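Residue strings, one per chain:
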Amino acid sequence: TQLLEQSPQFLSIQEGENLTVYCNSSSVFSSLQWYRQEPGEGPVLLVTVVTGGEVKKLKRLTFQFGDARKDSSLHITAAQPGDTGLYLCAAMDPGTYKYIFGTGTRLKVLA
Amino acid sequence: DAGITQSPRYKITETGRQVTLMCHQTWSHSYMFWYRQDLGHGLRLIYYSAAADITDKGEVPDGYVVSRSKTENFPLTLESATRSQTSVYFCASSESGQGGYTFGSGTRLTVV
């Protein structure tokens with residue numbers, strides 16, 4: 001059973017469109033991170049959310065932590081080809097204290 | 001240059017050979033990690049280290065050996081490479097071990 005489920009698994013959109021990626025769990029987390037991994041590179045940390053209901057913005061990317069700290073979303077406004085990549089959420093499993101990664105959303109933005 | 005560096009970037013080796021993947025970080029982070037990334041399995045933790053001379057197994061440690069004699073280096077050795085170890089390997093570091101890792105660019109290993 002995957003502790004962090006991401007949806008959708010794949011997403012292909014046109015440049016300029018908006019999109020939302022979800023990261024869901026039944027566990028409560030003290031914090032959650034989002035990473036982006038470009039082809040041929042390692043994941044790069046985008047943001048850490050800590051407080052329930054917290055919203056953080058990084059240029060055209062908006063991250064939200066659920067009120068109950070069980071889920072998170074990533075919204076991209078006016079997507080660009082440079083946003084193409086694998087988006088991963090990650091958090092510390094409160095049961096095992098192991099850092100776990102989500103299943104990932106592979107995004108492709110077409111010019 | 002500051003950061004986390006992995007070498008080599010690409011490696012082809014034969015079944016049964018020993019191969020070592022190198023990882024070097026310049027921040028003096030306490031924690032270092034080795035992951036492998038495979039389609040359908042995502043990122044899986046192989047080994048991690050909380051400090052020099054302290055290492056522990058992750059999710060998939062079999063067939064791998066690590067050492068950490070210096071804080072900045074964390075090499076991963078495949079003692080006798082198998083085809084199932086063909087993968088992309090990522091090294092990461094973190095000050096706290098609580099998340100927010102910095103990853104290297106990866107080593108793509110092919111075992112033939």
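Everything here concerns the structure above.
Anyway, here's the lowdown on the structure attached to this text. Small disclaimer: the values here were computed from a predicted structure and weren't measured.

The rules behind each value
- Residues numbered from 1 in each chain as written.
- Chains lettered and ligands numbered in written order.
- Predicted model: local features only at pLDDT ≥ 70, side-chain atom pairs only at ≥ 80, totals over all residues.
- Heavy atoms only, no water.
- Phe/Tyr/Trp six-rings, centres within 6.5 Å; stacked < 30°, edge-to-face > 60°.
- Core = buried A, V, L, I, M, F, W, Y, C linked by side-chain atoms within 4.5 Å.
- Buried < 20%, exposed > 50% of the residue type's maximum accessible area, 1.4 Å probe, protein only.
- Helix = DSSP H or I, 4+ residues; strand = E, 2+ residues; numbered from the N terminus.
- Contact = heavy atoms within 4.5 Å.
- Pairing = 2+ DSSP bridges.
- Axes fitted to C-alpha atoms, helices over the stretch in contact; angles between N-to-C directions.
- Disulfide = S-S within 2.5 Å.
- Salt bridge = Lys/Arg side-chain N within 4 Å of Asp/Glu carboxyl O.

### Regarding the packing of aromatic side chains
Here is step 1 of the chain: Counted under the stated rule, the structure contains 15 aromatic pairs over all chains.
Here is step 2 of the chain: The rings of Tyr35, Tyr99 and Phe101 of chain A together with Tyr31, Phe33, Tyr35, Tyr48, Phe90, Tyr101 and Phe103 of chain B are connected pair by pair, giving a single aromatic cluster.

### Re the nonpolar core
Here is step 1 of the chain: Core analysis: the biggest nonpolar cluster contains 23 residues, and Leu32, Trp34, Phe63, Leu74 and Ile76 of chain A have the highest contact counts within it.
Here is step 2 of the chain: Listed by contribution, the elements that provide at least two residues to this core are strand S3 (19-24), strand S4 (32-37), strand S5 (44-49), strand S7 (61-65), strand S8 (71-76), strand S9 (85-92) and strand S11 (105-110) of chain A.
Here is step 3 of the chain: Dropping the residues within four chain positions of it, Ile76 of chain A is found in contact with Glu17, Asn18, Leu19, Arg60, Leu61, Asp83, Tyr87 and Leu107 of chain A.
Here is step 4 of the chain: In terms of nonpolar packing, the next biggest core, distinct from the first, is built from 18 residues, Leu21, Tyr47, Tyr64 and Leu76 of chain B among them.

### Section: the sheet that holds strand S1 (residues 5-7) of chain A
Residue and element names in this part refer to chain A.
Here is step 1 of the chain: In spatial order, the strands read S1-S3-S8-S7-S6; together these five strands make up an open sheet with antiparallel pairing. Each edge of the open sheet carries a strand with a single partner, namely S1 and strand S6 (55-58). Averaged over all adjacent pairs, the angle separating strand axes in this sheet is 15°, with direction ignored.
Here is step 2 of the chain: Bridge analysis of S3 against S8 gives six bridges, and the strand direction is antiparallel. Its bridge partner being in S8, Cys23 is matched across the sheet by Ser72.

### Quick word on the pairing of strand S5 (residues 42-51) of chain B
Residues and elements named next belong to chain B.
Here is step 1 of the chain: In this sheet, S5 lies alongside strand S4 (residues 31-38) in antiparallel orientation, the contact comprising seven bridges. Looking at the pairing, Asp38 lines up with Gly42 of S5.
Here is step 2 of the chain: Between S4 and S5, which pair antiparallel and follow one another directly, the connecting turn spans three residues, one of which, Gly40, has a positive phi of 90°.
Here is step 3 of the chain: Two strands pair when backbone bridges link them, and S5 and strand S6 (residues 54-57) are joined in this way by four bridges, in the antiparallel orientation. By the bridge assignment for S6, Ala51 is matched with Ile54.

### Regarding the state of the cysteines
All names here are of chain A.
Here is step 1 of the chain: All chains considered together, the criterion is met by two disulfides over all chains.
Here is step 2 of the chain: What pairs with Cys23 in a disulfide is Cys89, and their sulfur atoms sit 2.1 Å apart. One quick way to see it: the torsion about the S-S bond of Cys23 and Cys89 is about 75°, and its sign makes the bridge right-handed. Taken as a pair, Cys23 in strand S3 and Cys89 in strand S9 lie far apart in primary sequence, 66 residues in all.

### Observations regarding the pattern of salt bridges
Here is step 1 of the chain: Enumeration according to the criterion identifies seven salt bridges over all chains in this entry.
Here is step 2 of the chain: Put simply, Arg9 of chain B and Glu41 of chain A hold a salt bridge, and the shortest N to O gap is 3.5 Å. Separated into two different chains, Arg9 of chain B in the loop between strand S1 (4-7) and strand S2 (10-13) and Glu41 of chain A in the loop between S4 and S5 make up a pair that spans both.
Here is step 3 of the chain: By relative accessible area, which is 31% here, Arg9 of chain B ends up partly exposed.

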